[in-house]
Amino acid sequence: MTLGDALAAPVDPARERTGIRIEIEAWPRVRLTWPAGVRHDAEVADALRALEAIAQRGRPFVLLVDARDARPPTRVQLGMILDAMRRIGPDARCLAHAVVTRSIPVRAFVDSLRWMRLTPSAWAYFDDEASAIAWLDRELPHRRSDRPSA
């Protein structure tokens with residue numbers, strides 16, 4: 001058992017699944033779901049490649065992270081995340097991050113990433129997805145650097 005497993009809240013078996021999902025259907029809102037079942041480094045590597053491809057588009061977006069069932073990543077996975085952050089660099093156009101979780105260890109992990117991020121953006125935590133989406137929808141117009149000037 002890892003520390004992340006020991007500290008995570010119990011997971012409803014109906015929500016237990018593997019595979020990090022990234023959805024862009026609601027662009028410019030990108031949704032990343034980090035389920036409780038993430039166990040393999042390959043899953044994390046695939047998700048990071050997808051996020052890098054999104055960042056390389058050069059178009060502003062906001063990120064909704066569904067981490068309700070997440071456990072903090074392993075040390076190896078943390079290293080992979082940090083390497084991806086360095087590769088993406090300060091040009092990432094992610095304007096705001098809304099993280100849905102009640103887990104204190106997951107929030108602590110996300111906070112550590114905030115401090116290492118090379119470009120500033122808004123961050124907020126939410127207990128439910130509807131509140132997170134509403135916040136992102138309000139944040140995007142205020143943060144877009146490519147919006148037309150009046």
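Source: prediction; values computed, not measured. (Residues numbered from 1 in each chain as written. Predicted model: local features only at pLDDT ≥ 70, side-chain atom pairs only at ≥ 80, totals over all residues. Heavy atoms only, no water.)

Within a sheet, neighbouring strands are paired by backbone hydrogen bonds and run either parallel or antiparallel to one another. Pairing is mixed in the open sheet, where five strands are placed in the order β1-β2-β3-β4-β5. Edge strands, defined here as strands with exactly one partner in the open sheet, are β1 (21-26) and β5 (122-126). For this sheet the average axis-to-axis angle between neighbouring strands, irrespective of direction, equals 20°. Across five bridges, strand β4 (residues 94-100) lies against β5 in parallel orientation. Bridge pairing links H97 to W123 in β5. Set on the sheet, helix α2 (residues 41-56) makes contact with β1, β2 (29-33) and β3 (61-66); between it and β1 the angle comes to about 30°. Across the sheet, helix α4 (residues 104-116) lies against β4 and β5, angled at about 175° from β5, the strand it touches most. (Pairing = 2+ DSSP bridges. Helix = DSSP H or I, 4+ residues; strand = E, 2+ residues; numbered from the N terminus. Axes fitted to C-alpha atoms, helices over the stretch in contact; angles between N-to-C directions. Contact = heavy atoms within 4.5 Å.)

Now for empty space enclosed by the protein. In this structure the tally under the stated criterion is one cavity of 30 Å³ or more. Here the largest cavity is characterised by a volume of approximately 680 Å³. Taken together, 34 residues make up the lining of the largest cavity; nearest its centre are L32, L51, L63, I81 and L113. Elements supplying a minimum of two residues to the lining of the largest cavity: α2, β3, α3 (75-88), β4 and α4. Of the residues forming the lining of the largest cavity, the biggest block, six residues, is contributed by α2. Per-class residue counts for the lining of the largest cavity are 28 nonpolar, three polar and three charged. (1 Å grid on protein atoms, 1.4 Å probe; cavity = no way out; pocket = protein on both sides within 12 Å on 5 of 7 lines; lining within 4 Å. Points joined across faces, edges and corners; volume = space filled by probe spheres on them. Nonpolar A, V, L, I, M, F, W, Y, C, P; charged D, E, K, R; others polar.)

Another point: the environment of D41. Note that D41 resides in helix α2. Among the residues examined, D41 registers a relative accessible area of 33% and is labelled partly exposed. Separated by 36 residues in sequence, D41 and Q77 place their C-alpha atoms 6.2 Å apart. When neighbours within four sequence positions are excluded, D41 is seen to be in contact with T74, V76, Q77 and M80. Within the structure, the side chain of D41 is placed 3.2 Å from the side chain of Q77, a separation counted as a polar contact. (Buried < 20%, exposed > 50% of the residue type's maximum accessible area, 1.4 Å probe, protein only. Polar contact = N/O pair within 3.5 Å; in protein donor to acceptor, adjacent residues only side chain to side chain.)

A rise of 1.5 Å per residue sets the reference length of α2, with its 16 residues, at 22 Å; its end C-alpha atoms lie 22 Å apart and thus fit the reference within 8%. Along α2, the positions that sit buried rather than exposed are E43, V44, A45, A47, L48, L51, E52, I54 and A55. For α2, the elements touching its buried residues are β1, β2, β3 and α3. In the stretch just after α2, G58 is the one whose phi turns positive, near 80°. (Expected span 1.5 Å × (residues − 1).)

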